[in-house]
Structure formats: C-alpha cells, structure tokens
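Chain by chain, the residues run as shown.
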Amino acid sequence: MFSQVKVSGSIVDDQNNPIPFSNVIFKGSTKGTISDEDGHFYLQSQNTYKELEVSFVGFETEVIPLQRENYDLKIVLQESRSELKEVTLYSYSGRIKKKGNPAIAILKKIWKKKRKNGIYLYDRYEYDKYEKIEFDINNVDEKLKKSKLFKGMDFVFEHVDTSVVTGKAYLPIFINESVYEIYGKNIVPKKKTEKLAANKNSGFSDNQALIAFVKQLYNDYNIYDNYIKFFDKSFASPLSKLGPEVYNYVLTDSSYIDNKWCYNILFYPRRKNELTFKGDFWVNDTTFAIKEIQMYATKSANINWVKDIYIEQEFQVLNDSAFLLKRDHFMSDFAPNKKDKTKGVYGKRTTLYNNHIFNVKRPDKFYKEEVVEDEKLYSKPDDYWANNRQEKLSKDEVGIYKMLDTLQDVKRFKEFITLTEIVTSGYYNLWNSFDFGPVFSTFGYNDLEGFRLRLGGRTYFTKNDKWRLKGFLAYGFGDKKFKYGMEGKWMVAPKKRLILSVGNRRDIEQLGVSFTTANDVLDRSFATTSLFTRGDNTKLSNINLTNVKTTFEPVKNLNFRISSTFKTIKSANPELFNMDYIDSDGNIQSDIRQVDVNFAMQYTPNRKPYGFGVDRGFSNYGRYPTFFLSYTKGIKGPFDSDFDYHKLQFFYQQPIQIGLFGRLTTTFEIGKTINPVPLALLNIVPGNQTYFTSRKLFDLLDYYEFVTDEYVSLHIEHNFNGRLFSKIPFLRKLQWREIIGIRGVVGSISDENIAINASDIIYVAPENVYWEYHVGIGNIFKLLRIDFEYRGSYLDAPNATKFAVKGGLGFYF
C-alpha cells in the first residue's frame, strides 16, 4: 500500500503518432487530467490508486497498473473496431460532428439553466471570500541551485516542492493572503461590493506596485459567461453558447459526486492558435449545474510570456437546487517561451468561499464601496489569520513566510528587490527617507538644450506616506541653463482622499501635444526630447508654472479637482520660433502672463487602486472607461494676468473586449475656448514628430500644424490579437497580431484669434475633417509593434507628411 501516486507519460497510437486531449483518470475515481497537444500528461494524487484508465473516442480503453511513482510511461491506444467508431466519426486530427452528439444536448440544458444556479437564485446574497496568491520559481534543478543568482541563499532550496499539476519542482518566492466580505443583490439596481477585511503578504511587502500587478492578473471570472477574461485576453468558455463553434465535446462517463448523479464531458479545441482550453467538467443530471471543472489553456494559444494556464473549480450543493462555487484554483506558468524545460515562474491563486447568507435586506448605501481601506487591515495578528483562513496553510506554505522573512536580511535578495522596485516605480531608494528618480528621466536631449542632465527625487518614509515632497534640478549643456521643479502634497482627510498640493516648475516644454489640460506641475512630455524625433524640434517654450490644487474623492474612482495656476510662457528661442501676439493696445507682445482657475472631474468605474497614502497607483488602468470633464476660467488682472477666457473640455475613452476578436479602443474629445487668446492658450491639434506611435496623438501631423479654438476628435483602434493571422499557416507560428485604426479631427479658429496672432505659426484649422489611418503588426518578438500610417486628407498642405512607418514597444500578454 502507498499513500501517494505520481504518473507521467505520453499517449500515442499504433503508428507512434501522439493522441492529444486523451482522457486520463485514476480508475474508480473522478480524479483525472487531459493530455496536451503532444499527448503528454502528468497526474498526481495523495490517495491510493493502483490502476490508470486512458481513453479516447475511436480507441480502445487501456487500463495500466501503477506503482507509487510512474514516470515517462508510453501508452499505446489501439483503434476501436466497434460500431461506435462509425457513429462518432471522430479523428483526433479533425472534428467531432455536432449533430446527434449527447454532450451537445447536455450543453444546451446547461445554457437554459445557467442563470438559475448559485447566487443568482436569490434577491440578495452575502458570503466570505479567502484569497491566496503565490509565486514560485519552477523547473528548479541542480544547475539553478548552484547559480550565482542564489549565492548565499542556499537555505531556500529546503522549501522546494513539486507541482501536482505539472510535476515540476518549484521554489516559493512570494505569498499574499486576503480576506473579503462580499455583499450583493440581483434586483434592480444590481449591486455588488467587495470589502477587504484583512491582507497579509511576504516577499515584496513594500512594493505595492508589484503586488497590485500580481493581483490584477487574476480577475474574477464566471465559467458560465461566453468569455473568460484574464491577461487582457478573452478565452472562449467551454460552457459558452459559442462553444460548439470552437470546441469538440465528448460524453465520457457518469458517476455519483456528493450523492448527485453527474455526467463527465471532455472538451478540446477544434482549431489551433485560438484562445481556448482543453479539459473536462462534471455536470449534475437534474439542475445541469457544474459540480467540478478543470481547464488547461492550449499551448498554441496566442498569448505571450505564459506557457501553461490551469483552472480548477469545485461547487458545493447548498440544497437540491443551488450549486455554489466553493473553491477556485488558477495557475499560470510565466516563461519567456513555451519549451518544456524553460525555467519560469508559477503564479497561483486559490480562492475559497463560505458562510453564504441569502435575502438579508440592507439599504442601498450599504453596498457603497469604501474610497480607501483602513490601514489596520494590513496588520492583523497571527490569531486572526488562524481563525479566518478557509483552509489551513500547508507545512510548506507556513515555511514560505519564515523563509521569505529570513531573506529580507540577505544582501543578494535585497539587490533583487531593489532592481524590481526600480523597474516598477522608476525610483531608486538612496536611504530610508529619500528616493532618487525617476531614473529614466535622468538623461535627455533636444535641439535647444542639447544634452540634458536631470537629478530628481522624492521623500519616502513608508509606502503609504500622508505627505510627500518631490523635486528636480536639470541642466542643458547646449543652452547652459538650469531648470528646476518642486511639489508638495499633503493628504488632509484620508477617508475622502482630500489632498492639498502646491508646486512650481521652470523648464522647457513642447506645447500642443495634448488637447486635455493636465495641470500636473512636474510632468514633462516625451515630445520635448528630439532623440527620437523627426524634423524640426525647435518649437519649444519656456514655462514658469505655479499651481495650487485640491483634489478629493467622495465616491470610489470619482475624483474632483479644483486648482489655480499662474504661468508665464514665452518662446525658448525667439530667433527660431516666436509666439508673439497683439495685445489690446495694438502692441506686439512675446511673453504671456496668465492666471486661471480650473474645475475638473474624472470618473473611471471599476478601476482598482492600490495604496492608501498621498500617492497611489492603479493596477488595471486602461481596462475600464474613463470620463474627464474640465472647465478653466482665465482671469485678467491679478499678477498682471493678460487674458480673460473660458475653456471647456471633455474626454472619453472606452476599451471594449470583443470576445475572440480582440480589443477595440475608442477615444473621443471635444472642447472650446471662448474669447481671444494667443497661440499658447489655444487648442492645438496634438501632432507627433516622434518615431513612436501614440493613441492620443495624430501621428502624421507636425507640431502646430493645426490650431483651433473649438474641436471634436475621434480615435478608433482595434487589435485583433492574431485572430486573422491564425488562419494563415505560415503566419500562425509567428503569433503576430493585426492592428487597424483611424483618427479624425474637425475644428475651427475664430477671426478674433487670427487677428491677434503675430507668431510664426499661420493658423490653419481642420474645418474639413482631417483624418489618417493605420494598419500595423504587433507582437513582433513579443515586444515590438510596427504601424504603417497613411494621411487621408489635406494631402496638398505644405510639407505634409503623407506616409510614415512608426514603431512601439510594450509588454503585452
């Protein structure tokens, strides 16, 4: 007798051809797995099993006797001679017919009842959720143990374990635990709120950006939805109504699970390179609710940096009609390529649910999300965790905390943490209270300043400081001038994130690279450097900007801003570029002195913030819509301010995941400036003279090519995520991704604004729509994007750029 069984091997036919997606199960149980595209499999159990059963439609079932450890088995399946083969008409290199397939008939009953299962049966629901996220280095071998990377950290290998999913050795490096209280209602208006009760982590405890990145990789999903979304991709759910178009289904078995008779259905993709799974599920024969499901992403799926994905869910029977999600386990293998022996990192999330309560009436305001969590939630004692974990930590997991805590004092580990913090935050910690950075802004170049050296930093006592100072000092070796900036922020009321800030910056800036007014004192546009810029880069301005600002967040993700700015603007080199205007007395002026007051509102529903200090970040920015509304009042008089004007602006961005067809991103902007103002205060259509494409800019316009006082702009871009190229055999393996897009703007400039213009720029507004379009290829070497840009109108404009090839770099899954 033995208490643990491990089995690995491959499944082939009598011609030694691999048989993918075979059903492998410990005989007499429901514990099993599915072989991969190459026929390989791994299966492990803590229980005692003496036989392994391997089956596939069209082949005879094989039963293999087992020892305690059974590695590299080669299992040969013989083609079936029964009449069943004629009925199923199956070939493991082809597709199963849908008509007459009993698995499809069961699937249709699942669709019919999917909204009548679980928490959807009740008007209101409450439950507790426990979440554990762990990251582990995998494929640990002797070569890795002896590498310089782990010099001085040999003791960590005492905690090496073996994955029950892949059979590979792994070493834990990070663990994070959270407890949540969930409250929701299914009656209109539908509400769901997730209240954090406690959080604990080890490994990267001070790096909130990294922790947030890790957590946002694993969004909640519902297997009954048509698409399961994670890693910014939409995978077709095997329970989707679209399932029969992308999956083959086979009814393989039936058995009792928790005294409920269930059917076992195997599924696998009909085509390669699509975002699909292989696996199987057990479904109840009366409620047609899922009891258990396991899914493996196919290795041919067009997704970067991820070698394997495994999902396992278990449901509990509350009563005869309610099946509730009990346990959800998600594991991914992050690696530079999909070769089996490549070392990577397992990312594992285990979520458990219990203490369900239904139909407890609560007022709607109870479901309101907190703007910021209480700081005490991050420092709960060990007794709390012992009582609130829904499953105890294993002996190895307990050891992770001790091992990672010990690593905090190891020099090599500290160096690794420092490098990670620089990459994620852009700052290098010089000592406990001061960070140097952003390090990526230290060096720069443009035609006026020449080589530019910038030294900057910020105060940093803890990751959640209630106040923070930032500043920089820069020097241009071409113009031989110093520039500087400083800003201080203080969070007065943490619960509503009421923040007061004041700052000043004297610098050189490229104006006209954004429609929307930002009023961020220390921000400097990338366009200001000419290191990666085509054409003339001399249309730069000297600015001296002082800003006083108040922001507050009365509702989560709804942010209000009230600010006042005093700024002076003039050309950085009048001999090459002047910004002159005619004042009310008819005199030509070169400098602008301006005081304004700004009111702005930004709303990004469902965005996930991290941190509760004066500075915080957003881990999944760009996944949700953004609404921005701004009103600026220019005031003439105070501090010899020159102009009285009004400026209204609205910005809306909407990303939409369109199932297996990729992501569509739409950006809409509209604005108007009332009363005459000079060039620097108008709405300049944002051009892009860099060699890099940008979603919010017009890639074929030069700076100041179009000037408006009212405008409407629309940008549309769609990334097909390789959906089209996957149909072309010689492109399929490259896993390139197709991109198309179009941008347009229409606007006007008033005669009053033209009349006061004395600058080098001849005002031209796109009164007829200016538009450009692009086609591109992304995911080249997993990082590079190349776009071919075409101008659609104003082709006869002087020095018009009609075509360009632009690139982009990015980390995408």
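So, how was this worked out
- Sequence order as written defines the numbering, with residues in each chain counted from 1.
- The predicted nature of this model means local features are confined to residues of pLDDT at least 70 and side-chain atom pairs, given and counted, to a pLDDT of 80 or more, with totals for whole chains, interfaces and linings taken over all residues.
- Side-chain metrics in this entry use all non-hydrogen atoms of the structure; hydrogen atoms and water are not considered.
- Secondary structure counts use DSSP, requiring at least four H or I residues in a row for a helix and at least two E residues in a row for a strand, with both numbered from the N terminus.
- The size measure is the radius of gyration over C-alpha atoms, and the globule rule it meets is 2.2 Å times the number of residues to the 0.38 power.
- Summary of the burial criterion: residues with accessible area below 20% of their type's maximum are buried, those above 50% are exposed, and those between are partly exposed, where the area comes from a 1.4 Å probe applied to protein chains only.
- Two residues form a contact once any of their heavy atoms are found within 4.5 Å.
- Neither His nor the chain ends contribute to the count of charged residues, in which Lys and Arg are positive and Asp and Glu negative.
- Taken as the charge location is NZ of Lys, CZ of Arg, CG of Asp or CD of Glu.
- The salt bridge definition used is simple: a Lys or Arg side-chain nitrogen within 4 Å of an Asp or Glu carboxyl oxygen.
- Side-chain atoms within 4.5 Å are what join buried Ala, Val, Leu, Ile, Met, Phe, Trp, Tyr and Cys residues into a set we call a nonpolar core.
- Here the rule is simple: two strands pair whenever DSSP picks up at least two bridges between them.
- Axes here refer to lines fitted to C-alpha atoms; in helices the fit is confined to the stretch in contact. Angles between the N-to-C directions go from 0 to 180 degrees.
- Any Phe, Tyr or Trp ring, taking Trp's six-membered ring, that has another such ring centre within 6.5 Å forms a pair; planes under 30 degrees apart are called stacked, those over 60 apart edge-to-face, and the others tilted.
- When the NZ atom of lysine or the CZ atom of arginine is within 6 Å of a ring's centre and also within 35 degrees of its normal, the charge is said to sit over that ring.
- Definitions used throughout: a 1 Å grid over protein atoms alone; a cavity as a set of points that fits a 1.4 Å probe which cannot get out; a pocket as an open set with protein on both sides within 12 Å along at least five of seven lines; a lining residue as one with an atom within 4 Å of a point.
- Grid points are joined across faces, edges and corners, and a volume is the space filled by probe spheres set on the points.
- We call Asp, Glu, Lys and Arg charged. Ala, Val, Leu, Ile, Met, Phe, Trp, Tyr, Cys and Pro are nonpolar, and the rest, Gly among them, are polar.
- For a helix, the expected span equals 1.5 Å multiplied by the residue count minus one.
- Throughout, the arc means the angular range of directions from the helix axis out to the C-beta atoms.
- Polar contact criterion, stated in full: a pair of N or O atoms within 3.5 Å, where within protein one must be able to donate a hydrogen and the other to accept it, and residues adjacent in sequence count only if both atoms are side-chain atoms.

Chemist: I tried to follow the overall build of the protein chain on my own but got confused; where do I start?
Modeler: Of regular secondary structure, the protein chain possesses 10 helices and 44 strands. A compact globule built from 813 residues should have a C-alpha radius of gyration of about 28 Å, and the protein chain, at 30 Å, falls within 12% of that. Residues classed as buried in the protein chain amount to 54% of the 813 residues present. A separation of at least 24 residues holds for 63% of the contacts in the protein chain among residues at least 6 apart in sequence. Separation of charge centres in the protein chain, based on 114 positive and 99 negative side chains, amounts to 3 Å.

Chemist: Would you take a moment to explain the pattern of salt bridges for this structure?
Modeler: Close approach of charged atoms lets side chains of opposite charge pair. One pass over the full model with this rule turns up 42 salt bridges. With a closest N to O distance of 3.6 Å, D364 and K185 form a salt bridge. In this pair, D364 is assigned in the loop between strand 20 (345-358) and helix 6 (382-388) and K185 in strand 10 (residues 169-185), connecting sequence segments 179 residues apart. Since its relative accessible area comes to 3%, K185 is described here as buried. Each of E449, R452, D479, K483, R505, D507 and E509 takes part in salt bridges that share partners, so that together they form one network.

Chemist: Even after reading the chapter, I still don't get the side chain of R458, so can you show me in this structure?
Modeler: Tracing the backbone shows R458 in strand 24 (residues 450-459). R458 has contacts with S425, Y427, S433, F434, D435, R468, L469 and K470, leaving out every residue within four places of it along the chain.

Chemist: Before we go on, may I ask you to explain the nonpolar core in this structure?
Modeler: As a rule of thumb, nonpolar side chains are buried together in soluble globular proteins. Counting 71 residues, the largest nonpolar core has I110, I223, F277, F281, I290 and I309 as the members making the most contacts within it. It is helix 2 (residues 102-113) that contributes the most residues to this core, six residues altogether. One finds I11, F26, V54 and L66 within the second-largest nonpolar core, a separate group that totals 24 residues.

Chemist: What should I look at first to understand the sheet that holds strand 2 (residues 23-26) in this one?
Modeler: Working definition: the strands of a sheet are paired by backbone hydrogen bonds and lie parallel or antiparallel to each other. Taken in spatial order, the four strands make up an open sheet running 3-2-5-6, and their pairing is antiparallel. Of all strands in the sheet, those bounded by a partner on one side alone are strand 3 (32-34) and strand 6 (62-65). Sheet twist, expressed as the average angle between the axes of neighbouring strands with direction ignored, equals 20°. Pairing between strand 2 and strand 5 (residues 51-55): four bridges, direction antiparallel. Across the sheet, N23 pairs through a bridge with S55, a residue of strand 5.

Chemist: Teacher, can you tell me more about the environment of V775 here?
Modeler: Looking at where V775 falls in the secondary structure, it is placed in strand 42 (residues 770-780). Under the relative-accessibility criterion, V775 is labelled partly exposed at 37%. With 12 residues separating them in the primary sequence, V775 and D787 have C-alpha atoms 5.7 Å apart. The residues contacting V775, other than those within four sequence positions of it, are I739, I740, I786, D787, F788 and Y790.

Chemist: What am I meant to see in the packing of aromatic side chains here?
Modeler: The geometry of an aromatic ring pair is captured by the separation of the ring centres together with the interplanar angle, meaning the angle of the planes. Enumeration according to the criterion identifies 44 aromatic pairs in this entry. An aromatic cluster is present here, built from Y221, F230, F235, F277 and F330 joined pairwise through their rings. The aromatic ring of Y170 is capped on one face by K348, whose charged end is 4.1 Å from the ring centroid.

Chemist: So what exactly am I meant to see when it comes to the environment of R124 here?
Modeler: Take R124: it is sitting in strand 8 (residues 124-138). Put simply, R124 and E710 are 586 residues apart on the chain and 48 Å apart in space, counted from C-alpha to C-alpha.

Chemist: Help me out: how do you make sense of the pairing of strand 11 (residues 191-202) in this one?
Modeler: Remember that side chains alternate between the two faces of the sheet whenever the strand is regular. Examined bridge by bridge, strand 10 and strand 11 share 11 bridges and lie antiparallel to one another. Note that in strand 11 the partner of Y183 across the bridge is T193. Here strand 10 hands over to strand 11 after five residues, the two strands then running antiparallel side by side.

Chemist: Would you mind showing me how to read empty space enclosed by the protein here?
Modeler: Leftover empty space is mapped by rolling, across the atoms, a probe with the size of a water molecule. Applying the stated criterion across every chain, the model contains six cavities of 30 Å³ or more. Here the largest cavity defines a volume of roughly 80 Å³. What lines the largest cavity is simply N273, E274, L275, N302, L660, N721, G722, R723 and S726. Tallied by class, residues from the lining of the largest cavity come to two nonpolar, five polar and two charged. The computed volume of the second largest cavity comes to approximately 50 Å³. Lining the second largest cavity are T665, T667, R695, H715, I716, E717, R743 and H774.

Chemist: Quick question: what am I supposed to make of the sheet that holds strand 1 (residues 5-12) here?
Modeler: Here we have three strands laid out as an open sheet, ordered 4-1-7, and mixed in their pairing. Both outer strands of the open sheet, strand 4 (40-45) and strand 7 (69-76), are each paired with one neighbouring strand and no more. Between one strand axis and the next, the sheet turns through 20° on average, direction left out of account. Where strand 1 lies against strand 4, six bridges are found, and the strand directions are antiparallel. Bridging across to strand 4, K6 finds its partner in Q44.

Chemist: What is the right way to read helix 7 (residues 395-407) from this model?
Modeler: Turn by turn, an α-helix covers 3.6 residues, leaving residues three or four places apart pointing in a common direction. Its 13 residues place the ends of helix 7 18 Å apart at the C-alpha level, agreeing with the 18 Å of an ideal helix rising 1.5 Å per residue. When helix 7 is considered as a whole, its buried residues turn out to be E397, G399, I400, Y401, M403, L404 and L407. Packed against the buried residues of helix 7 are strand 8, strand 10, strand 11 and helix 8 (411-425).

Chemist: Sorry if this is basic, but what is going on with unusual backbone geometry here?
Modeler: Peptide bonds are mostly trans, and most non-glycine residues show a negative phi. In this model, V188 is joined to P189 through a cis peptide bond whose omega is -5°. Secondary-structure assignment places P189 in the loop between strand 10 and strand 11. Cis rather than trans, the peptide bond between G437 and P438 has omega equal to -5°. Mapped onto the secondary structure, P438 falls in the loop between strand 22 (434-436) and strand 23 (443-446). The backbone of N259 sits at a positive phi, close to 65°, despite the residue not being glycine. By relative accessible area, N259 is classed as exposed at 74%.

Chemist: Got a minute to help me understand the pairing of strand 2 in this structure?
Modeler: Burial along strand 2 is two-sided: N23 and I25 and V24 and F26, pointing in opposite directions, are all buried. In the sheet, strand 2 pairs with strand 3 via three bridges, with the strands oriented antiparallel. Of the residues in strand 3, the one forming a bridge with I25 is G32. Linking strand 2 back to strand 3 in an antiparallel pair, the connection comprises five residues, with G28 at a positive phi of about 85°.

Chemist: Could you clarify how one ought to interpret the environment of F323 in this entry?
Modeler: Along the chain, F323 falls in strand 19 (residues 323-334). Remark: the alpha-carbon pair of F323 and K291, spanning 32 residues in sequence, is separated by 7.4 Å. With residues near it in sequence (within four places) discarded, F323 still touches G118, K260, N284, T287, A289, I290, K291, F315, Q316 and V317.

Chemist: Please explain helix 2 as it appears in this structure.
Modeler: Counted at 1.5 Å a residue, the expected span for helix 2 with its 12 residues is 16 Å, and the 17 Å between its end C-alpha atoms agrees. Every buried residue of helix 2 is listed here: A103, I104, I106, L107, I110 and W111. One side of helix 2 holds all its buried residues, which, seen down the axis, span an arc of 160°. Turned more than 90 degrees from where helix 2 packs its buried face, K108 and K112 sit exposed.

Chemist: Quick question: what am I supposed to make of the side chain of R468 here?
Modeler: Tracing the backbone through its elements, the reader meets R468 in strand 25 (residues 467-476). Here the side chain of R468 touches D465 through a polar contact of 2.9 Å, side chain to side chain. A distance of 3.4 Å separates polar atoms of two side chains, one belonging to R468 and the other to D615. Apart from residues no more than four positions distant in its own chain, R468 is found in contact with R458, T459, Y460, T462, E487, G488, K489, V614 and D615.

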